[in-house]
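One letter stands for each residue in the lines below.
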Amino acid sequence: MKTVYFKSLLGLFLLCVGTTTVAQNYNYPSRELVEAILNDIDYCKNELKEAEADVAEMEGSPESYSLADYKDAQRLIERIKLCINVKRARLDDLRKEYPGWFNSPSAFSDIRIRWGGGPDPKAVQRLLNNMEERINNVLDAFSELEKPAH
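Bear in mind the structure is a predicted one, so any value in this text is a computation, not a measurement.

Participant: I would appreciate a short explanation of the overall build of the protein chain in the present structure.
Facilitator: The secondary structure content of the protein chain amounts to five helices and zero strands. Starting at the N terminus and walking to the C terminus, you meet the elements of the protein chain as α-α-α-α-α. Residues classed as buried in the protein chain amount to 17% of the 150 residues present. Approximately 12100 Å² of the protein chain is accessible, and the part contributed by carbon and sulfur atoms is 60%.

Participant: Honestly, the state of the cysteines in this entry has me stumped. Any pointers?
Facilitator: Note on terminology: disulfide describes a covalent bond linking the sulfur atoms of two cysteines. Taken as a whole and judged by the stated rule, the model has one disulfide. A sulfur-sulfur distance of 2.4 Å marks the disulfide that ties Cys44 to Cys83. As the torsion about the S-S bond is roughly 40 degrees, the Cys44-Cys83 disulfide counts as right-handed. Within this pair, whereas Cys44 is found in helix H2 (residues 31–60), its partner Cys83 is found in helix H3 (residues 67–97), the two being separated by 39 residues in sequence. With relative accessibility at 25%, the residue Cys83 sits in the partly exposed group.

Participant: I would appreciate a short explanation of H3 in the present structure.
Facilitator: In an α-helix, one turn spans 3.6 residues; hence positions three or four apart end up facing the same way. The end-to-end C-alpha separation of H3 is 45 Å, in line with the 45 Å expected for 31 residues at 1.5 Å each. Buried residues of H3: Tyr70, Ala73, Ile77, Ile80, Ile84, Leu91 and Leu94, and no others. Residues of H3 that are buried sit in contact with H2 and helix H4 (99–102).

Participant: What is the right way to read the pattern of salt bridges from this model?
Facilitator: Side chains carrying opposite charge are able to pair once their charged atoms draw close together. Across all of its chains, the model carries four salt bridges by this definition. Salt-bridge contacts for Asp72 lead to Arg75; the nearest nitrogen and oxygen are separated by 2.3 Å. Here the residue Asp72 and the residue Arg75 both occupy positions in helix H3, the gap between them amounting to three residues, near one helical turn. Here Arg95 makes a salt bridge to Asp92, at a shortest N to O gap of 3.1 Å. Of this pair, Arg95 and Asp92 both sit in helix H3, three residues apart, which is roughly one turn of the helix. By relative accessible area, which is 40% here, Arg95 ends up partly exposed. What makes Asp92 partly exposed here is its relative accessible area of 34%.

Participant: How should the packing of H2 against H3 be read in this particular structure?
Facilitator: Working note: a packed helix pair is described by the angle between its axes plus the distance between those axes. Closest axis-to-axis distance for the H2/H3 pair is 9 Å, and the angle between their directions is 160 degrees. On the basis of the axis angle, H2 is roughly antiparallel to H3. H3 is crossed by H2, and the crossing has left-handed handedness. Partitioning the contact of H2 with H3 into residue classes produces 19 nonpolar, one polar and 10 charged.

Participant: It is not clear to me how the nonpolar core should be interpreted in this structure. Could you clarify?
Facilitator: In a soluble, globular protein the nonpolar side chains are often hidden away together inside. Counting residues in each nonpolar core, the largest one holds 10 residues, listed as Cys44, Leu48, Ala51, Val55, Met58, Tyr70, Ala73, Ile77, Ile80 and Ile84. Of all the secondary-structure elements, those providing two or more residues to this core are H2 and H3. Ignoring sequence-local partners within four residues, the contact set of Tyr70 consists of Val55, Met58 and Glu59. One finds Val34, Ile37, Tyr98 and Phe102 within the second-largest nonpolar core, a separate group that totals eight residues.

Definitions and limits used
Residues numbered from 1 in each chain as written. Predicted model: local features only at pLDDT ≥ 70, side-chain atom pairs only at ≥ 80, totals over all residues. Heavy atoms only, no water. Helix = DSSP H or I, 4+ residues; strand = E, 2+ residues; numbered from the N terminus. Buried < 20%, exposed > 50% of the residue type's maximum accessible area, 1.4 Å probe, protein only. Areas by Shrake-Rupley, 256 points an atom, 1.4 Å probe, with all protein chains shown as cover. Disulfide = S-S within 2.5 Å. Expected span 1.5 Å × (residues − 1). Contact = heavy atoms within 4.5 Å. Salt bridge = Lys/Arg side-chain N within 4 Å of Asp/Glu carboxyl O. Axes fitted to C-alpha atoms, helices over the stretch in contact; angles between N-to-C directions. Parallel < 35°, antiparallel > 145°, perpendicular 65-115°, else oblique. Left-handed = near helix turned anticlockwise from the far one by under 90°. Nonpolar A, V, L, I, M, F, W, Y, C, P; charged D, E, K, R; others polar. Core = buried A, V, L, I, M, F, W, Y, C linked by side-chain atoms within 4.5 Å.

Functional significance is not addressed by these values, which are geometric in nature.
Structure representation (structure tokens):
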């Protein structure tokens with residue numbers, strides 16, 4: 001009876017230690033890697049929008065652009081789409097390797113997506129034009145005020 005009791009106690013002990021050890025050895029993907037992939041996908045999507053806008057602008061006024069510029073813009077769109085597809089495939093591979101981590105509700109709770117690099121020249125020009133327009137509106141509003149007599 002004592003041997004059965006000790007064997008069952010030893011089995012329970014090994015079971016508890018074994019599950020704790022297995023739980024501590026669970027590997028999960030690097031958060032930095034997942035953040036980098038998500039940021040790259042987001043950056044590529046923003047670049048794709050800008051490139052498509054450039055192509056639409058070129059199609060709107062074809063006399064202003066050469067055929068080479070148009071073809072370069074189309075090739076850029078294809079490269080950006082390829083970039084998005086490659087990054088999504090890498091993310092899908094990580095999902096297949098670590099399904100438990102990606103299905104966890106707390107896996108992405110603190111991942112912050114940083115928007116792409118600095119603004120491009122067209123965006124800076126739009127911001128400057130917007131700022132100039134606002135300044136002119138404020139100055140025009142001040143010009144409508146009555147000037148003091150003294």
